[in-house]
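Listed below are the residues making up each chain.
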Amino acid sequence: MKTIIGKNAPNIPWEDKPSGCTDVMWRFSKNPIIGWNPIPKAARVYNSAIVPFKEGFAGVFRGDQRNGRATLFSGFSADGIQIDLAPEPIEWLDENGKPVPTSYSYDPRVLEIDGIYYITWCDDMKGPSIGLGKTTDFKTFTRIPNPLMPYNRNGVLFPRKINGNYFLLSRPSDTGHTPFGNIFISESPDLIHWGHHSFLMGNGGEGWWQGTKIGAGPVPIETNEGWLMFYHGVSGTCNGFVYSIGAVLLDRDNPRKVLYRTRDYLLTPEKEYETVGFVPNVAFPCANIYDAETGRIAIYYGAADTYTAIAFCQVDELVAYMKEHSEVF
Ligand code: BMA
């Protein structure tokens, strides 16, 4: 039986684990896939989302402009590696087709539900909050009212309704780069009315890699072992924050329940493109694409707030590892 409950996508980027590597997550040898100044209007493209689209892939990409302001750009790719970014930022429309002015926008996640691609991101609503929008073609983008009150970031939707409702993860915060942070979960019958908010998981644990704050990462992957969600864990050092990648398995029928959670990080900044850049020591996952048949998963993460990079894992190996090396607290 296949572990991932989802579509096959044999064309996702993939490289076998390098011989001698004992990690369950390994990096793409051609990282980074997007470097400095990829298009005239964006100096750095990172913390971005990609999904299978038609015969290839499409996505929404965080591009920090040459004035430093974070903006979203659409993009297409035949192979998930070479990304063709739109030259201009996304222009959001309201439900009546009228342009909606946007301030800053960052850290998008994208998912498909019934042929509609939904986007969540960090939006400015008098401070950081969760933006929500949709597209069918990655050319025209329509806003949906923001699901939650400010201040909040790292909004991530589940890819289907569970027991009749949509579920959204988020990380309530303050206006700045909070020195705290826990993941909460909310639900809605229609993507408009949100409630039943509760705490899901917090920072801490025996190790220090997720001691300062955590935030939901890519859209959860449905598996027969539960919802697999990668997330970022932050450690505070005397030289600033360090962002690493971990994973959690949530109960399939009740995603408010944490089953297993990686005790140690799966990936932490080590390579030069992760440790040197605009913000050093950041690995920030925002997307995962998978092939259900083989259980292959490609994780897209922002590196050093400068680059876009890919890491790989295989679902059965990862789930077995998580069961063996779990710490739920
Ligand atoms: C977080 C977010 C991310 C960023 C990270 C590291 O608070 O703003 O977009 O990658 O900080 O700077």
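Up top is the structure these notes are about.
This section reports on the structure supplied with the text. This one's a predicted model, so the numbers in the text were calculated from it and none came from an experiment.

1. Section: unusual backbone geometry
Of the consecutive residues N31 and P32, the connecting peptide bond is found in the cis state with omega at -10°. Here P32 lies in the loop between β1 (26-27) and β2 (44-53). In this chain, P150 is followed by Y151 through a cis amide linkage whose omega measures 0°. Along the chain, the position of Y151 falls in the loop between β10 (141-144) and β11 (152-157). Despite not being glycine, K54 shows a phi value in the positive range, around 50°. Relative to the assigned elements, K54 resides in the loop between β2 and β3 (56-64). The backbone of N163 shows a phi angle near 50°, a positive value even though the residue is not glycine. Relative to the helices and strands, N163 resides in the loop between β11 and β12 (166-172). Since its relative accessible area comes to 64%, N163 is described here as exposed.

2. Let's talk about the sheet that holds strand β14 (residues 195-201)
Sheet strands line up and pair through hydrogen bonds in the backbone, either parallel or antiparallel. Read across the sheet, four strands follow the order β11-β12-β13-β14 without closing on themselves; strand pairing throughout is antiparallel. Both edges of this open sheet fall to β11 and β14, since each of them pairs with a single strand only. On average, adjacent strands in this sheet sit at an angle of 25° to one another, irrespective of strand direction. Where β12 and strand β13 (residues 183-188) come together, five bridges link them in antiparallel fashion. Bridged to S170 within β13 is F184.

3. Here we look at the layout of surface pockets
By volume, the largest pocket is sized at about 600 Å³. Around the largest pocket, the lining comprises 31 residues; the ones closest to its centre are K7, P52, E112, P159 and Y290. Secondary structure elements with two or more residues in the lining of the largest pocket: β2, β3, β7 (105-113), β16 (221-223) and β20 (283-291). Take the lining of the largest pocket: its biggest share by element is five residues, from β20. Partitioned by chemical class, the residues of the lining of the largest pocket number 19 nonpolar, five polar and seven charged. Counted as a void, the second largest pocket has a volume near 350 Å³. For the second largest pocket, the lining is made up of 20 residues, of which R62, R153, H177, Y243 and D305 are closest to its centre. Secondary structure elements with two or more residues in the lining of the second largest pocket: β2, β7, β11 and β18 (240-250).

4. Overview of the sheet that holds strand β9 (residues 128-135)
One open sheet holds the five strands; their spatial order is β6-β10-β9-β8-β7, and the pairing between them is mixed. Only two strands of the sheet have a single partner each, and these edge strands are β6 (92-93) and β7. Note: β6 against β10, two bridges, orientation parallel. The residue bridging W92 from the neighbouring strand is F141, located in β10.

What counts and what doesn't
Residues numbered from 1 in each chain as written. Predicted model: local features only at pLDDT ≥ 70, side-chain atom pairs only at ≥ 80, totals over all residues. Heavy atoms only, no water. Helix = DSSP H or I, 4+ residues; strand = E, 2+ residues; numbered from the N terminus. Buried < 20%, exposed > 50% of the residue type's maximum accessible area, 1.4 Å probe, protein only. Pairing = 2+ DSSP bridges. Axes fitted to C-alpha atoms, helices over the stretch in contact; angles between N-to-C directions. 1 Å grid on protein atoms, 1.4 Å probe; cavity = no way out; pocket = protein on both sides within 12 Å on 5 of 7 lines; lining within 4 Å. Points joined across faces, edges and corners; volume = space filled by probe spheres on them. Nonpolar A, V, L, I, M, F, W, Y, C, P; charged D, E, K, R; others polar.

Coordinates in, geometry out; function isn't part of it.
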